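Below, each chain spelled out in residue letters.
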Amino acid sequence: MRFNMQRLAQFDVSRPFLSGWAKVSAQIVFGVVCAFAMIGLRSLINLWAPESGPFALVYPTVMLATLYGHWRAGLASLVVAFIWAWWLVLPVTGSFQFSNPTDPARVLINGSACLIVIIFAEAFRNAAHSTMAEIREAADRRLTLLGELEHRTKNNFALVASLIEIQKRRLSNPELDAPLSDAANRVRTFADAYSSLAMEQEEGSEVAMKPYLELLVSRIQRAAFPGNIKVLSEIEEIDLPREVGVAIGLFLNEGLSNAAKYAFPEGAPGTVVISFHVTDDSWSLVIEDNGIGAALEKGDPDGGLGASLLEAFASQARAEHSVTDDKRGYRLELRSLEKAE
């Protein structure tokens, strides 16, 4: 309803026409059409209230014609409506003569009032259209700046990852290779998240989660899982705020990366299932596998960094996360604390 009212407020009958004469003609024709529509309605009213308020419907007709067809449409509707009322409604009917000595003054006052309506309606129309143009221009600037920021953020993440790789090659300590490689991979995870948002979300402050998460799952599956590991996903549609969407994507990246590294050692086959479900009150993300269980039980080489990252991503997503680890495998769940919009 709100969107339709906004479109109606921006309607301009002459906008589709390119030449000046075509625009003027369209405006005048629109004003005449509005006047004849008013005459038809007034004729119906005359069936039960003849000759009452001959100029009553002229005011809204002139205002609507001006709002959607500029002042020329308002003036055209005013002229047609007044000629009709003067000729067919005011006594003497079928004549431009007056039988009541007060009628000339009444016609003059109503005509002047309608001209005032045209002036103010045209001023309001110009102000409204100018304001909408400024809002669109400001929104375009914000989108451009946001796109540039996301592009620079992605490039900065990629630069940090490259610097980590360079530093790893310079060091001669093999014990640092794995931690530095893992740090570089995590930085690339951030870069992938921002890259996905830039490609999938061209405008607006919300993220369509289904295409975003499906793209992330596809990327991680190709990069991290061998062919003997099945990666299944079931993702429902919802739009979430951008910061929440980023956090969920990073949580998913971290959870799948952990599954790829620890769940299936020595080339063991297995299955990873990703579920993102939405209810009226919340959303939930579940990552579960049928592997050997949590890396923490075997000594986490990250020193707890993975768990800290999951906690941080859950906080950013305004959600809570839980871990279930048993003989059947490892289950990681992220559930929203706030009602889904």
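What counts as what
Residues numbered from 1 in each chain as written. Predicted model: local features only at pLDDT ≥ 70, side-chain atom pairs only at ≥ 80, totals over all residues. Heavy atoms only, no water. Helix = DSSP H or I, 4+ residues; strand = E, 2+ residues; numbered from the N terminus. Buried < 20%, exposed > 50% of the residue type's maximum accessible area, 1.4 Å probe, protein only. Contact = heavy atoms within 4.5 Å. Areas by Shrake-Rupley, 256 points an atom, 1.4 Å probe, with all protein chains shown as cover. Axes fitted to C-alpha atoms, helices over the stretch in contact; angles between N-to-C directions. Parallel < 35°, antiparallel > 145°, perpendicular 65-115°, else oblique. Nonpolar A, V, L, I, M, F, W, Y, C, P; charged D, E, K, R; others polar. Expected span 1.5 Å × (residues − 1). Bend = angle between axes of the 7 residues up to and from the residue. Pairing = 2+ DSSP bridges. Left-handed = near helix turned anticlockwise from the far one by under 90°. Salt bridge = Lys/Arg side-chain N within 4 Å of Asp/Glu carboxyl O. pLDDT = per-residue confidence, 0-100.

Okay, the overall build of the chain next. In terms of regular secondary structure, the chain is built from eight helices and seven strands. By the burial criterion, 38% of the 341 residues in the chain qualify as buried. Considering only intrachain contacts with a sequence separation of at least 6, the fraction spanning at least 24 residues in the chain is 68%. Accessible surface for the chain amounts to roughly 19600 Å². Of this, 61% is attributable to carbon and sulfur atoms.

Here we take up the packing of helix α3 (residues 58–89) against helix α4 (residues 103–170). Two elements in contact, α3 and α4, have axes separated by 10 Å at closest approach and are oriented at 170°. With respect to α4, the axis of α3 lies roughly antiparallel. Contact residues: α3 offers V58, Y59, V62, M63, T66, L67, H70, W71, G74, L75, L78 and F82, while α4 offers V107, N110, G111, A113, C114, L115, V117, I118, A121, E122, F124 and R125. Its residues assigned to classes, the contact of α3 with α4 comprises 17 nonpolar, five polar and two charged.

Now for α3. Between its first and last C-alpha, α3 extends only 13 Å over 32 residues, short of the 46 Å set by a 1.5 Å rise per residue. The largest bend along α3 reaches roughly 150° and is located at G69.

The next point concerns the sheet that holds strand β2 (residues 229–235). Read from one edge of the open sheet, five strands run β2-β4-β5-β7-β6, paired in mixed fashion. Each edge of the open sheet is held by one strand with a lone partner, namely β2 and β6 (319–326). Pairwise comparison of adjacent strand axes, ignoring direction, gives a mean angle of 10° for this sheet. Relative to strand β7 (residues 329–336), β6 is paired through eight bridges, and the arrangement is antiparallel. From the neighbouring strand, D325 faces β7, where its bridge partner is Y330. Here helix α6 (residues 209–224) sits on the sheet in contact with β2 and β4 (270–278), set at roughly 175° to β2.

Now for the side chain of N258. Looking at where N258 falls in the secondary structure, it is placed in helix α7 (residues 242–263). On the basis of relative accessible area, N258 is assigned to the buried category, the value being 16%. Once residues within four sequence positions are removed from consideration, N258 is found in contact with A263 and L310.

Further remarks concern the packing of α6 against α7. Relative to each other, α6 and α7 sit at 25°, their axes nearing to 10 Å. One element, α6, and the other, α7, form an angle in the roughly parallel class. Where α6 crosses over α7, the handedness of that crossing is right-handed. Listed contacts from α7 to M209, Y212, L213, L216, V217, I220 and A224 of α6 are G245, V246, I248, G249, L252, N253, L256 and A260. Of the residues assigned to the contact of α6 with α7, the class counts are 12 nonpolar, three polar and no charged.

Right, let's talk about the environment of V58 for a bit. Looking at the element boundaries, V58 is found in helix α3. Separated by 24 residues in sequence, V58 and F82 place their C-alpha atoms 7.9 Å apart. Aside from chain neighbours lying at most four places away, what touches V58 is M38, L78, A81, F82 and C114.

Our next topic: unusual backbone geometry. In this model, E266 sits at a positive phi of 55°, which is unusual for a non-glycine residue. Structurally, the position occupied by E266 is in the loop between α7 and β4.

A word on the pattern of salt bridges. Two side chains of opposite charge can pair, provided their charged atoms sit close to one another. Evaluated as defined, the whole model comprises seven salt bridges. Between E122 and R125 there is a salt bridge, with its nearest N and O atoms 3.4 Å apart. A residue pair is termed a helical-turn pair when its members lie 3 or 4 positions apart in one helix, as E122 and R125 do in helix α4 at three residues. As far as burial versus exposure is concerned, E122 and R125 are alike and both buried. In this structure, E288 engages R331 in a salt bridge whose closest nitrogen and oxygen atoms are separated by 3.4 Å. Note that E288 is positioned in strand β5 (residues 283–289) and R331 in strand β7, a separation of 43 residues in sequence.

Summarising the model, the chain shows a mean pLDDT of 81, and 85% of its residues fall at 70 or more. Counting interchain partners and residues more than four positions distant, the pLDDT-below-50 stretch residues 295–299 has five contacts.

The next subject is the pairing of β5. Extensive coverage of β5 is indicated by the burial of six of its seven residues. With seven bridges joining them, β4 and β5 adopt antiparallel strand pairing. Across the sheet, residue I274 finds its bridge partner in β5, namely I287. Following β4, the chain reverses through four residues before pairing antiparallel with β5. The sheet contact formed by β5 and β7 spans six bridges and is antiparallel. Bridging across to β7, I287 finds its partner in L332.

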